[in-house]
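Secondary and tertiary structure notes
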Amino acid sequence: MINSRRDFIKKAGLLTAGIYTGTHAFSASSYRRIVGANDRINIGVVGFSDRHKGAHAPSFLAAYKELNFDIIAVSDIWKLRREEGVDFWKQKLGHAITPCLNNEALYDIKDVDAVFVSTSDFQHALHAIEAVQAGKDAYVEKPLAETMEDARAVLKAVKDSKQIVQIGSQRRSGLNYFAANDFIKSGKFGDIVMVELTWNVNQPGRWRRPDLVGKLREEDTDWKRFLLNRPEEPFNARHYLEYRLFWPYSSGIPGQWLCHQIDTVHWFTGLPHPRSVAVNGGNYLWKDGRENADTFTAVFDYGPLDDLTKGFQVLFKSRQTNSGVLNGEEVKEIYYSNGGTLNLDTNKISATGGLTEAYASAMGMKANLLPDITLNNIRVGTAANTGGDVVTMAHIRNWMECVRNRKEPNAPIEAGYNHSIAVIMANAAYRTGEKVIFDDKRQEVIAGGKAFKY
């Protein structure tokens, strides 16, 4: 890390970040190097988080020997997590791990080639900037950014670098999602007329860390480094460890769950962001000091940016107060066309809801019914710790392979930039009560006629 927040912001280019609107492309001149088959690639860990331990670690361990990777250092500004990370990886890999007081110390280690970034939501973009400016490849957890200032800066930093950056949107490595993408892009599905996205849990403690909050002491961490470019405030252990409950450290539901599902809309359609969004919601049940919503409903308008006569609606609804199914969780991703339904919960394409023969005949029209097709039967879980599930394993392996062969990964920086726009638009609509749009020329989220920040 940089020694002061002001220096960091200057170095990251946040004060003068450019705007990028083109498409991502690799050329021979952009390759850092072609790694030899016998060259070991050394990884550093930026933030020894629950996500890293529960999902990155098993996925990495499933592939590291075959692909000749290693983990050699752990950076975490909290002494407890840093020591836990060093002990964890020492036990898993059987060799010493270098503890790093901060990222500045990590990037002083010349043998580090790439990093896992799984820090607090609002830190992802800035830590990704640090990584690529240090000449390191990075696997960066989502959401990529929670403000457009950070989003523009990280997009520019990655585009200006030669690094391989994979955004942790693991659906982009799921076989069922590949199949759905291919089917929609083939034209066989027809025009999308509606998308329904649902992510429900009944977990009041989902983002709570009461045991850890009691262990965190200000003298054992670096509070100013934690804040980065967020407003200064006195040390707050809950904001540090339960950040997903508090803005501006996290938008909560949009940053955690919407970012996953809205990314598939961008991927399947090629659309970069919503045209507008309106949101309603609130913290209706869990009165534990949290500030972010426990119930959130967003209605997006999508379609060609230059033709408002075409388009479709995306409905996203999420609650933390009832899972919708007995003893479990409910996640739905359903795409509708005039000919039927593509359901990524059941992984089936069907004629359900399509224009039937009987109705079409009575109206003098032609029926439009989709065939019954089963997609690759892989389902993405919604548990707090999905572990080394097959999709996350495939996604991390894809990044590792791309670090070695210098090819574009499944979820490049543009995917993260675009999901960030949708997340920020939804968050802005919730916090201002305004119908929010996106200004493509300025690359700003506009709420009430003003660019949204906090």
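Residues numbered from 1 in each chain as written. Predicted model: local features only at pLDDT ≥ 70, side-chain atom pairs only at ≥ 80, totals over all residues. Heavy atoms only, no water.

An unreviewed UniProt entry annotates the protein as Oxidoreductase of Sphingobacterium athyrii.

With that settled, consider the pairing of strand β9 (residues 295-302). In the sheet, strand β8 (residues 276-282) pairs with β9 via 7 bridges, with the strands oriented antiparallel. By the bridge assignment, A278 is partnered in β9 with V299. Relative to strand β10 (residues 312-319), β9 runs antiparallel, the two being bridged by 8 bridges. Pairing of A298 across the sheet is with F316, part of β10. (Pairing = 2+ DSSP bridges. Helix = DSSP H or I, 4+ residues; strand = E, 2+ residues; numbered from the N terminus.)

The next thing to look at is the side chain of N418. Topologically, N418 is positioned in helix α14 (residues 413-432). Given a relative accessible area of 17%, N418 falls into the buried group. Not counting residues up to four positions away in its chain, the partners in contact with N418 are H266 and P272. (Buried < 20%, exposed > 50% of the residue type's maximum accessible area, 1.4 Å probe, protein only. Contact = heavy atoms within 4.5 Å.)

Generally speaking, soluble globular proteins have nonpolar side chains that are buried together. Judged by nonpolar contacts, the single largest core of 98 residues is most densely connected at F300 and Y335. Of the residues forming this core, the biggest block, 9 residues, is contributed by α14. Each of two domains, domain 1 (37-171) and domain 2 (174-382 + 413-451), supplies a minimum of three residues to this core. Not counting the four nearest positions on each side in its chain, F300 is found in contact with L258, I262, P274, S276, V277, F312, Q313, V314, F316, A422 and A426. Counting 26 residues, the second largest nonpolar core, distinct from the first, contains F60, I71, W89 and I396. (Core = buried A, V, L, I, M, F, W, Y, C linked by side-chain atoms within 4.5 Å. Domains from an automatic or database assignment.)

This part is about the packing of aromatic side chains. With the rule as written, the count across this model stands at 27 aromatic pairs. Taking the centre distance of 4.5 Å and the plane angle of 20 degrees together, the rings of F226 and Y240 count as stacked. Highlighted residues: F226 in helix α9 (residues 223-227) and Y240 in helix α10 (residues 237-241), separated in sequence by 14 residues. On the basis of relative accessibility, which here comes to 7%, the residue Y240 falls in the buried class. A ring pair is formed by Y302 and F312, whose centres lie 5.9 Å apart and whose planes are at 10 degrees; its orientation type is stacked. With Y302 in strand β9 and F312 in strand β10, this pair connects stretches of sequence that are 10 residues apart. Residue Y302 is classed as buried on the basis of its relative accessible area of 0%. (Phe/Tyr/Trp six-rings, centres within 6.5 Å; stacked < 30°, edge-to-face > 60°.)

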